[in-house]
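# Understanding the architecture of this molecule
In case you want the letters, here they are:
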Amino acid sequence: MSHTKPPIIWLNVFIFLSSFLIACVFVPWFGLTKGFGAEHLIWLVISFSFCNLSITAGYHRLWSHKTYEAHWSIRLIFAIGGAFALQNSVLHWSSDHRIHHKHVDHIDKDPYAATRGFWFSHIGWMLRNYETNPIKEYSNCRDLKRDSIVIWQHKNYLWLALATNLGFPMLLGLIYDDILSMFLVVGAFRLVLSHHSTFFINSLAHIWGSQPYTDKNSARDNTLLSIFTFGEGYHNYHHIFENDYRNGIYWWQYDPTKWLIKTMSWLGLANKLKVTSKFKIEKAKAEQLLINTKKKVMQLPNSESIQNTLNTELEALIEKMREFYDVRREVLSIKAKDLNSKYERSILELKYRVAKKEFVVQKKNWQKLNLQYT
């Protein structure tokens, strides 16, 4: 890594600094002296949600990772929303993000490497021309270059960004006869919220939280962060299973981006939603638990014996896990084919119950064994 500081990108500095000062100084002052109405809060929530979901469901899960396919109308809406969020074009954003996943935490190759500190990964990487994207003409996004909406947005990004960031607050201001207030709230304040809530995924989500699936990179799972980022806070899961349209895989995990994509699929506006098999998820969690437990027993006098026991139990768990999910797949397959053979059904259902029971018992044993050393 070169020690010579790259040139400052003054346009970015101006946008980030001016919007931040307006949002943190002028907006509170205006609110205390003049006041805002319910319409300002309502449109703030609407515009903020539109911008962030365009990034999370569009830029991120649709275009960067191809976790599902969407109707052209949805792609158009997300392309406009992404310009409104002022985070560069789909093509540029996705190219950077694919490099990030390929070289995560690499101090030179990851465009917003968390290993270079919070400031750099949060915003610093955009304030100087670091040239961390060596991809010429977005060659790592050839698939996106075949999407006419992506290319249209890329070519017209500047005008779309100006039209949405100036035009939308202006339109609301004319409707409510309050142009300045709408520019402050829906313009500057919304932009700062949208920017930094997204930036937290590059910074905080690589520093603060748990690593239940892998510790091979700095990504963390953080439930609190998910609330402010429309479900993107389950980042440890995302970095090991990036092709899953979900980040929060359990029903109770707050992931409105997942719910939006699923709803669109029910309405026929999205299809080919990709999900990671439960076997792979369970296996990753078990293997990471083994790593965590081994770290804790390293200093014990019988460490080698304990580690051998842990390895043996993990192998047994994975075997029972594989048997269970294989039988489960067979059961689902038979239900899909709607076979009428009662004998086949009964044999398979019995096999399923046995496999499930053995898997549950082995899983409890595994968890109990690990708890002894935590």
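Computed from a predicted model, the values in this text were never measured in an experiment. (Residues numbered from 1 in each chain as written. Predicted model: local features only at pLDDT ≥ 70, side-chain atom pairs only at ≥ 80, totals over all residues. Heavy atoms only, no water.)

## Overview of the overall build of the protein chain
Helix and strand content of the protein chain: 14 helices and 2 strands. On the principal axes, the C-alpha backbone points of the protein chain span a range of 70 × 60 × 45 Å. Expressed as a percentage of its 374 residues, the buried residues of the protein chain come to 45%. Summed over all atoms, the accessible surface of the protein chain reaches about 20000 Å², with 63% contributed by carbon and sulfur. Seen as two clouds, the 45 positive and the 31 negative side-chain charges of the protein chain have centres 2 Å apart. (Helix = DSSP H or I, 4+ residues; strand = E, 2+ residues; numbered from the N terminus. Buried < 20%, exposed > 50% of the residue type's maximum accessible area, 1.4 Å probe, protein only. Areas by Shrake-Rupley, 256 points an atom, 1.4 Å probe, with all protein chains shown as cover. Lys, Arg positive; Asp, Glu negative; His and termini not counted. Charge placed at Lys NZ, Arg CZ, Asp CG, Glu CD.)

## Let's talk about the nonpolar core
Ranked by internal contacts, the top residues of the largest apolar core, which has 29 residues, are Tyr59, Trp63, Tyr68, Phe78, Leu144 and Met264. Mapped onto this core, the elements with two or more residues apiece are helix H2 (38-64), helix H3 (72-84), helix H4 (90-102), helix H6 (148-155), helix H7 (157-176) and helix H11 (256-266). Among the elements that make up this core, the one with the highest residue count is H2 (6 residues). Non-local contacts of tyrosine 68, meaning those with residues more than four positions away in its chain, are made with Ala57, Gly58, Arg61, Leu62, Phe78, Ile261, Met264, Ala270, Asn271, Lys272 and Leu273. (Core = buried A, V, L, I, M, F, W, Y, C linked by side-chain atoms within 4.5 Å. Contact = heavy atoms within 4.5 Å.)

## A word on the side chain of histidine 97
Within the secondary structure, histidine 97 sits in helix H4. Accessibility expressed as a relative area gives 4% for histidine 97, which makes it buried. Apart from residues no more than four positions distant in its own chain, histidine 97 is found in contact with His60, Ser64, His65, Tyr112 and His238.

## Some thoughts on the UniProt feature "transmembrane region" (unreviewed entry) in the protein chain
Mapped onto the present numbering, the UniProt feature "transmembrane region" (unreviewed entry) falls at residues 6-29, 41-60 and 156-176. Taken end to end, residues 6-29 is 83% helix and 0% strand, and its two terminal C-alpha atoms sit 36 Å from one another. As annotated, residues 41-60 comprises 100% helix and 0% strand, and the C-alpha atoms at either end are separated by 27 Å. (UniProt positions renumbered as here; feature names shortened; annotations may be inferred.)

## Brief notes about the packing of aromatic side chains
Taken as a whole, this structure holds 20 aromatic pairs when the rule is applied. For the ring pair tyrosine 250 and tryptophan 252, a centre distance of 5.6 Å and an interplane angle of 5° mean the geometry is stacked. The exposure class of tyrosine 250 is partly exposed, given its relative accessible area of 30%. Classification of tryptophan 252 as exposed rests on a relative accessible area of 53%. Here the aromatic cluster, defined as three or more aromatic residues joined through ring pairs, consists of Phe26, Trp29, Phe30 and Phe36. Above the plane of the ring of phenylalanine 120 lies arginine 116, whose end atom (NZ or CZ) is 4.0 Å from the centre. (Phe/Tyr/Trp six-rings, centres within 6.5 Å; stacked < 30°, edge-to-face > 60°. Lys NZ or Arg CZ within 6 Å of the ring centre and 35° of its normal.)

## Examining helix H1 (residues 10-33)
Along its 24 residues, H1 runs 32 Å from first to last C-alpha, staying within 8% of the 34 Å computed at 1.5 Å per residue. Along H1, the sharpest change in direction is near 35° and occurs at phenylalanine 26; proline proline 28 comes one to four residues later. All buried positions along H1 are accounted for by Phe16, Ser19, Ala23, Val27 and Phe30. Of the surrounding elements, those touching the buried residues of H1 are helix H8 (179-202). Positive phi appears at glycine 35, one or two residues downstream of H1, with a value of about 90°. (Expected span 1.5 Å × (residues − 1). Bend = angle between axes of the 7 residues up to and from the residue.)

## Section: the environment of leucine 317
Structurally, leucine 317 is set in helix H13 (residues 303-337). On the basis of relative accessibility, which here comes to 2%, the residue leucine 317 falls in the buried class. Between the C-alpha atoms of leucine 317 and aspartate 110, which are 207 residues apart in sequence, the distance is 36 Å. Sequence-distant contacts of leucine 317, defined by excluding residues within four places in its chain, comprise Ala286, Phe359, Gln362, Lys363 and Trp366.

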